[in-house]
Amino acid sequence: MISHDIVVVGGGPAGMAAAIAAYDAGCQDVVILDREPHLGGILMQCIHNGFGLHKFGKELTGPEYAAIYEEKVRSRNITVFPETMVTSVSPDRVVTAQNRQGIMKIQAKAVILAMGCRERSRGALNICGSRPAGVYSAGTAQKLVNCMGYQVGKRVVILGSGDIGLIMARRMSFEGAKVEAVCEVMPYSGGLTRNIVQCLEDFGIPLYLSTTVVQIHGKERLEGVTIAQVDARRQPIEETKRYIPCDTLLLSVGLIPENELTRAAGIPIDPITNGAIVDECCQTEIPGIFACGNVLQVHDLVDYVSDEAERAGLGAVKYVNGLNKSENTLQTKPGNGVRYVLPQTINSTEEDVSLFLRVTQPFGKVKFTVSAGDTVLAVAKKLKAAPGEMEKITVKAAALQNITGPITVSLEEL
Amino acid sequence: MKRDMICIICPRGCSLCADIQGENVTVTGNACPKGQEYAINECTNPVRTVTATVRVSNRYNTMASVKTLTPVAKDKMMEVMNILRQTQIQAPAKIGDVVLADVCGSAIVITKEIL
Ligand code: SF4
């Protein structure tokens, strides 16, 4: 068994930012393990621009954003093991990984989990019909088109209006395909408004809300899909069924944090975020194991992934330097109109704490209130709030002193 | 004439309203100056950055991602794509390498290092 101070599982945007932050905070023994041959993770297939506006004040493409971090990793003495698959992380921080050289075991002083997420697949949707070729998850199609140069189809229907689905609608149009429709089962889109404008409206692609795919047709290759509107209980309405001929169906129906290692380590998971329960330093309930990026909560902006990962990196260094959790932990809870609040616990009240949350449905003008019992800790007003856009509210350290009970974030529509 | 639109410059996505009086466009709803510039452009000369890929002739199954260095006219996007579809590059290539100097008014540059 070899040993290292900090082992980072995953070399995507979260893993790289966490490793860099840890290194710069004074930990010179940082290792990144990644299953791909290159660093960068999912960014390498996200060739569209719009990354880095918050972090760097300019619009970068995914690979350009990744390159900035890769350069920082390379210029520090951070060890990278590419094509290395982590197979287990134990609660006492032994990381087992496998690559062409064999199996290695690393005893880490702190572990940072940054495995990202994967796409929900057709199996999770229970769409009836046959199993022809031509049904892809949107991210798989994105990799085939953007990295390998395949044209995955010519006549396309997209189910799900999350950002990946919207981006792929434009990408397929650019590559000469006709995108017949984007169907969204919810009455609102899950993607950023800017993507609806620049990926659908620019290309005249219709977005059908409260609509889903109910049947897949075709034997060898997809021949068409039946779509239908859904009622308030999301059940298809028979009279609205309609057939659309197509050779490709892209599914953009949600992302699942890839938490197999986390679960196997016995780390408690939040059933709403599907990521670990963490404190303000991204430390999980098992001391010394941290989580950040899409494995912790699915983000809509990579800039916020990098920020979160930096907090995890700093937290890991503090832990390595012997700073343990205090006994007094505050819980956070979602209140009215809020789906979840992260971090779920607050351990140190020495510094300001940022709370991240998503709302349950689209709202107009809203006021968020962070409170503990009758004490109001912070308020924030927003012109609009939507489930597709993560909100951040900062609570001042001064407001957190002498608080004991759980902290609730709720919203009221103005 | 009034025109409502969503600013696409940053993820905040402000709802803008452009009031067009002949040459003059007054913009409301923007949270920052970039929104004003965007709305005026949308009413006079809408532009978009195009991101795409070009084939790497000396690497198997490999695409290099590229973008227009400056935004091009919105109605020229497909023209840009048609040219890029016929363009190939040779590896190695670095971020920022110019693939084509002028396509519809913008240079085409590499956005991903190909070793
Ligand atoms: S107006 Fe400014 S803040 Fe609003 S979306 Fe446009 S760029 Fe962003």
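Our structure is the block above this text.
Since this is a predicted model, take the numbers as computed values, not measurements.

Moving on: the overall build of chain A. Along chain A, the regular secondary structure elements total 9 helices and 28 strands. Here the C-alpha radius of gyration of chain A, 22 Å, is about what a compact globule of 414 residues would show, namely 22 Å. Along the first, second and third principal axes, the C-alpha set of chain A runs to 65 × 60 × 40 Å. In chain A, 61% of the contacts between residues at least 6 apart in sequence involve partners at least 24 apart. As displayed, chain A offers around 17300 Å² of accessible surface, 50% of which is attributable to carbon and sulfur atoms. Distance between charge centroids for chain A: 3 Å, based on 41 positive and 44 negative side chains.

With that out of the way, let us pick up empty space enclosed by the protein. Here the structure, examined in full by the defined rule, presents 1 cavity of 30 Å³ or more. In this model, the largest cavity occupies a volume close to 50 Å³. For the largest cavity, the full set of lining residues is Ile 47, His 48, Gln 142, Asn 146, Ile 167, Arg 170, Arg 171 and Phe 174 of chain A together with Thr 51 of chain B. Contributing elements (two or more residues each) for the lining of the largest cavity: helix H4 (138–146) and helix H5 (163–174) of chain A. Ranked by the residues each element gives to the lining of the largest cavity, the list is headed by H5 of chain A, at 4 residues. Split into classes, the residues belonging to the lining of the largest cavity amount to 3 nonpolar, 4 polar and 2 charged.

All names here are of chain A. Structurally, Thr 212 can be placed in strand S15 (residues 211–217). The class of Thr 212 is buried, set by a relative accessible area of 14%. Once you skip the residues sitting within four places of it in the chain, Thr 212 turns out to touch Leu 159, Cys 183, Val 185, Thr 226, Ile 227, Ala 228 and Val 230.

What follows covers the sheet that holds strand S8 (residues 88–89) of chain B. Residues and elements named next belong to chain B. The 5 strands are arranged S8-S5-S6-S10-S9 in an open sheet whose pairing can be described as mixed. Looking at strand neighbours, the two that pair on one side only are S8 and strand S9 (98–103), the edges of this open sheet. Looking at chain direction, strand S6 (residues 63–68) and strand S10 (residues 106–110) are connected through 3 bridges and run antiparallel. Along S10, the bridge assignment pairs Lys 67 with Val 109.

Residues and elements named next belong to chain A. For strand S13 (residues 178–183), the tally of buried residues reaches 5 of 6 residues, placing the bulk of the element in the interior. Sheet analysis places strand S12 (residues 155–159) next to S13, joined by 5 bridges and oriented parallel. In the strand pairing of S13, Arg 155 is matched with Lys 178. A crossover links S12 with its parallel partner S13, the connecting element being H5, and its sense is right-handed.

Pairs of aromatic rings are described using the distance from one ring centre to the other and the angle between the two planes. All names here are of chain A. Applying the stated criterion to the full structure yields 5 aromatic pairs over all chains. With centroids separated by 6.1 Å and ring planes inclined at 65 degrees, the aromatic side chains of Phe 56 and Tyr 69 adopt a geometry described as edge-to-face. In this pair, Phe 56 sits in helix H2 (residues 53–56) while Tyr 69 sits in helix H3 (residues 62–75), placing the two residues 13 residues apart along the sequence. Residue classification places Phe 56 among the partly exposed residues on the basis of a relative accessible area of 27%. Since its relative accessible area comes to 3%, Tyr 69 is described here as buried. By the ring-pair criterion, three or more aromatic residues cluster together here, those being Phe 56, Tyr 65 and Tyr 69. A cation over an aromatic ring shows up here: Lys 72 above the ring of Tyr 69, its NZ or CZ 5.2 Å from the ring centre. Across from the ring centre of Tyr 208, 5.1 Å away, lies the NZ or CZ of Arg 242, which sits over that ring.

Looking now at the sheet that holds strand S16 (residues 224–229) of chain A. Spatially, 4 strands are ordered S10-S15-S16-S17 (chain A) in an open sheet, and the strand pairing comes out mixed. Across the chains shown, the open sheet's two edge strands, defined by having one partner strand only, are strand S10 (128–129) and strand S17 (242–245) of chain A.

Ranked by size, the top nonpolar core spans 67 residues in total, and within it Ile 6, Val 30, Leu 33, Val 89, Ile 112 and Leu 113 of chain A carry the most contacts. The element contributing the most residues to this core is helix H1 (residues 13–24) of chain A, with 8 residues. Setting aside chain neighbours within four positions, we find Leu 33 of chain A in contact with Val 7, Val 8, Val 9, Gly 10, Gly 11, Phe 81, Thr 84, Val 86, Val 95, Ala 97, Met 104 and Ile 106 of chain A. Met 172, Phe 174 and Val 179 of chain A together with Ala 64 of chain B belong to the second largest nonpolar core, which has 41 residues in total.

Take the pattern of salt bridges next. All names here are of chain A. Summed over all chains, the structure comprises 22 salt bridges over all chains. A salt bridge links Glu 258 to Arg 35; the nearest nitrogen and oxygen atoms lie 3.5 Å apart. With Glu 258 in the loop between strand S19 (255–257) and helix H7 (260–264) and Arg 35 in the loop between strand S2 (30–33) and strand S3 (49–51), this pair connects stretches of sequence that are 223 residues apart. Judged by its relative accessible area of 15%, Glu 258 falls in the buried class. The class for Arg 35 is partly exposed, based on a relative accessible area of 44%.

Once that is clear, we can look at the environment of Ala 398 of chain A. Looking at where Ala 398 of chain A falls in the secondary structure, it is placed in helix H9 (residues 397–400). Taking the C-alpha atoms as reference points, Ala 398 of chain A and Gly 134 of chain A, 264 residues apart in sequence, are found 56 Å from one another.

Let us now look at helix H6 (residues 193–200) of chain A. The buried fraction of H6 of chain A amounts to 7 of the 8 residues, a majority that puts the element mostly inside the structure. Along H6 of chain A, the residues that are buried comprise Arg 194, Asn 195, Ile 196, Val 197, Gln 198, Cys 199 and Leu 200 of chain A.

Contacts between the two partners involve 31 residues from chain A, matched on the other side by 29 residues from chain B. Regarding the contact of chain A and chain B, the summed buried area is about 2600 Å², with carbon and sulfur atoms giving 55% of it. Of all residues in chain A, Phe 174, Arg 194 and Asp 202 of chain A bury the most surface against chain B, accounting for 23% of the area lost on that side. Inspection of the region where chain A meets chain B yields 3 salt bridges. Linking chain A with chain B are 13 residue pairs in polar contact (both at pLDDT 80 or more). Grouping the constituent residues of the side of chain A that touches chain B by class yields 14 nonpolar, 9 polar and 8 charged.

Quick notes on the rules
- Residues numbered from 1 in each chain as written.
- Chains lettered and ligands numbered in written order.
- Predicted model: local features only at pLDDT ≥ 70, side-chain atom pairs only at ≥ 80, totals over all residues.
- Heavy atoms only, no water.
- Helix = DSSP H or I, 4+ residues; strand = E, 2+ residues; numbered from the N terminus.
- Rg over C-alpha atoms; globule rule 2.2 N^0.38 Å.
- Contact = heavy atoms within 4.5 Å.
- Areas by Shrake-Rupley, 256 points an atom, 1.4 Å probe, with all protein chains shown as cover.
- Lys, Arg positive; Asp, Glu negative; His and termini not counted.
- Charge placed at Lys NZ, Arg CZ, Asp CG, Glu CD.
- 1 Å grid on protein atoms, 1.4 Å probe; cavity = no way out; pocket = protein on both sides within 12 Å on 5 of 7 lines; lining within 4 Å.
- Points joined across faces, edges and corners; volume = space filled by probe spheres on them.
- Nonpolar A, V, L, I, M, F, W, Y, C, P; charged D, E, K, R; others polar.
- Buried < 20%, exposed > 50% of the residue type's maximum accessible area, 1.4 Å probe, protein only.
- Pairing = 2+ DSSP bridges.
- Right-handed = clockwise from strand over helix to strand, strands pointing away.
- Phe/Tyr/Trp six-rings, centres within 6.5 Å; stacked < 30°, edge-to-face > 60°.
- Lys NZ or Arg CZ within 6 Å of the ring centre and 35° of its normal.
- Core = buried A, V, L, I, M, F, W, Y, C linked by side-chain atoms within 4.5 Å.
- Salt bridge = Lys/Arg side-chain N within 4 Å of Asp/Glu carboxyl O.
- Buried area = accessible area lost by both parts, 1.4 Å probe.
- Polar contact = N/O pair within 3.5 Å; in protein donor to acceptor, adjacent residues only side chain to side chain.

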